[in-house]
Amino acid sequence: MWPASSLSLFLALSPSLALLLGWLLDLSFGDPARLPHPIVWFGKAIAACEHRWNRDNHRKLKGGLVAAGLIAATFLLAALLNYVFCMLHFTLYVAFNAIVIFYCLAGTTLVREVRSVFLALDRSLDEGRKQVARIVGRDTSELSAQEVRTAALETLAENLSDGVVAPLFWFALLGAPGMLAYKMVNTLDSMIGYRTERYRDFGCVAARIDDVANYLPARLTALLMIVSSGWKRGLLRFVRKNGRRHASPNSGYPEAALAGILDCRFGGPHYYFGELFDKPYIGENERELTTADMRRAVRINRRVEVMMVFAVVLINILVVAATMLDVAGI
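Please read all numbers here as calculations on a predicted model, not as lab measurements.

1. Comments concerning the packing of aromatic side chains
Moving on, step 1. Under the counting rule described, the total for this entry stands at five aromatic pairs.
Moving on, step 2. With 5.6 Å between their ring centres and 35 degrees between their planes, Phe102 and Tyr103 make a pair best called tilted.
Moving on, step 3. Taking relative accessible area as the criterion, Tyr103 reaches 15% and is therefore assigned buried.
Moving on, step 4. Both rings, one in Tyr194 and one in Tyr199, keep their centres 6.5 Å apart while their planes meet at 45 degrees; by these two values the pair is tilted.
Moving on, step 5. For Tyr199, a relative accessible area of 12% corresponds to the buried category.
Moving on, step 6. In this structure, Arg219 is placed above the aromatic ring of Tyr215, and the distance from its NZ or CZ to the ring centre is 3.7 Å.
Moving on, step 7. Here the basic side chain of Arg265 rests over the ring of Tyr281, its NZ or CZ set 3.6 Å away from the ring centre.

2. Let's talk about the environment of Lys62
Moving on, step 1. By the element assignment, Lys62 lies in helix α4 (residues 59-88).
Moving on, step 2. Along the primary structure Lys62 and Val205 are separated by 143 residues, whereas in three dimensions their C-alpha atoms are 9.6 Å apart.
Moving on, step 3. Not counting the four nearest positions on each side in its chain, Lys62 is found in contact with Trp53, Arg55, Asp56, Asn57 and Phe202.
Moving on, step 4. A polar contact of 3.3 Å, which involves the side chain of Lys62, links it to the backbone oxygen of Trp53.

3. Digging into a positive patch on the surface
Moving on, step 1. Together, Arg115, Lys232, Arg295, Arg296, Arg299 and Arg303 make up a positively charged patch on the protein surface.
Moving on, step 2. Following the sequence through the fold, Arg295 ends up in helix α12 (residues 291-328).

4. Let's talk about the packing of helix α8 (residues 145-192) against helix α11 (residues 252-262)
Moving on, step 1. Interhelical geometry of α8 versus α11 gives an angle of 130 degrees and a closest axis separation of 8 Å. On the basis of the axis angle, α8 is oblique to α11. Considering the relative orientation of α8 and α11, their crossing is right-handed. The segment α8 lies against α11, with Leu153, Glu154, Ala157, Glu158 and Ser161 engaging Pro254, Glu255, Leu258 and Leu262.

Cut-offs used in this document
Residues numbered from 1 in each chain as written. Predicted model: local features only at pLDDT ≥ 70, side-chain atom pairs only at ≥ 80, totals over all residues. Heavy atoms only, no water. Phe/Tyr/Trp six-rings, centres within 6.5 Å; stacked < 30°, edge-to-face > 60°. Buried < 20%, exposed > 50% of the residue type's maximum accessible area, 1.4 Å probe, protein only. Lys NZ or Arg CZ within 6 Å of the ring centre and 35° of its normal. Helix = DSSP H or I, 4+ residues; strand = E, 2+ residues; numbered from the N terminus. Contact = heavy atoms within 4.5 Å. Polar contact = N/O pair within 3.5 Å; in protein donor to acceptor, adjacent residues only side chain to side chain. Patch = residues over 30% accessible without salt bridge, like charges linked within 9 Å, V, L, I, M, F, W, Y side chains within 5 Å. Areas by Shrake-Rupley, 256 points an atom, 1.4 Å probe, with all protein chains shown as cover. Salt bridge = Lys/Arg side-chain N within 4 Å of Asp/Glu carboxyl O. Lys, Arg positive; Asp, Glu negative; His and termini not counted. Charge placed at Lys NZ, Arg CZ, Asp CG, Glu CD. Axes fitted to C-alpha atoms, helices over the stretch in contact; angles between N-to-C directions. Parallel < 35°, antiparallel > 145°, perpendicular 65-115°, else oblique. Left-handed = near helix turned anticlockwise from the far one by under 90°.

This is the structure we're talking about:
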C-alpha cells in the first residue's frame, strides 16, 4: 500500500526535486574545479588498474574484468549510500542525489569550453589548438583553424549525448547509482577504449559496454536536436544516412544532427596518440565554420538539455501519479 503521508509523497517525488537542484547547480557553477570530483577518482582507479594488469597475456579478459568490476562497484557503492541517506533523513537523500547529478552533468562546462575554443582561435591559431586540446583526444598540434572549429563542434554534439542526455537517461532508469555507473562506463571508454596498440585488447570490453550504454541515448540526442532546431525538412533522413558513417556506432548520430542543422561537414582523418585514423566524412558541404555556427550549436544544446531535464521530471511525476491512482483503485 502507498502511505498517505506527505513525507512519502515527497520521497516519491524526490528524484525530480534532486534533478532540478542538481541541474541548477550545474547551470550556475559547471564542473567544480576546486572540489573533489568523482570522475577524477574514477580516472585514478582506471589508471591504476590499467598500469597493473594491461600487460602480458589475456589482456582482453583482464580488461573485461576490470571494466565490469569498476562499474559494478560504482553502482553498488552509490546504491548503498543512497539507501543509508534515505534511512537517515529525507533531506540527506535529496542532497546526495542532487550532488551526484551536479557532478555527472557536463552541459555548462562543455558550452564554456567550446566557446573558449572559438575565443582563443580569434586571438591566434596556436591558442585555439591549445584550447581545443582540453576537450578532444586527437592530436591538435597541426590542426588548421577550420579543423579546430570542426573538432570543437563535433565534441559539442558528441558530448551533448555523453555529458547530458545519457546521464539523464540512466538517472531516469536507475536513479543516482545508474547515473554514476554510466559515468564510470564513459570514463573507462575515454581512457582505455581506443583501438591503439596499447589499448586494443585491454579496452575492447570497456568500449563495447560504452557502445551498449549509449545506443539509445545517442539516437535520442539526435532526435531532440532535430526537434529543437524546428524539424528541418530532410534532416531526419540526413541523420539516418550519415549517423552510421562514424567509426563509433553512436557518436555519429548527434554529430550528423549538428552537421545537418549547420549544413557543414564533420569527420575526416585525424591522429590519435600518433596513429592516423581515417574517419569517414559526415555531411558534404565543406564550408568555413564561424562563431555564428558555434552560437547556434550552443542554443541547440541548451534546448535539448532543457527538454531532457523536464522529460525526466515529467516521467517521475506521471509514475507517482499512476501509482497513487492504482493504490486508490481509480
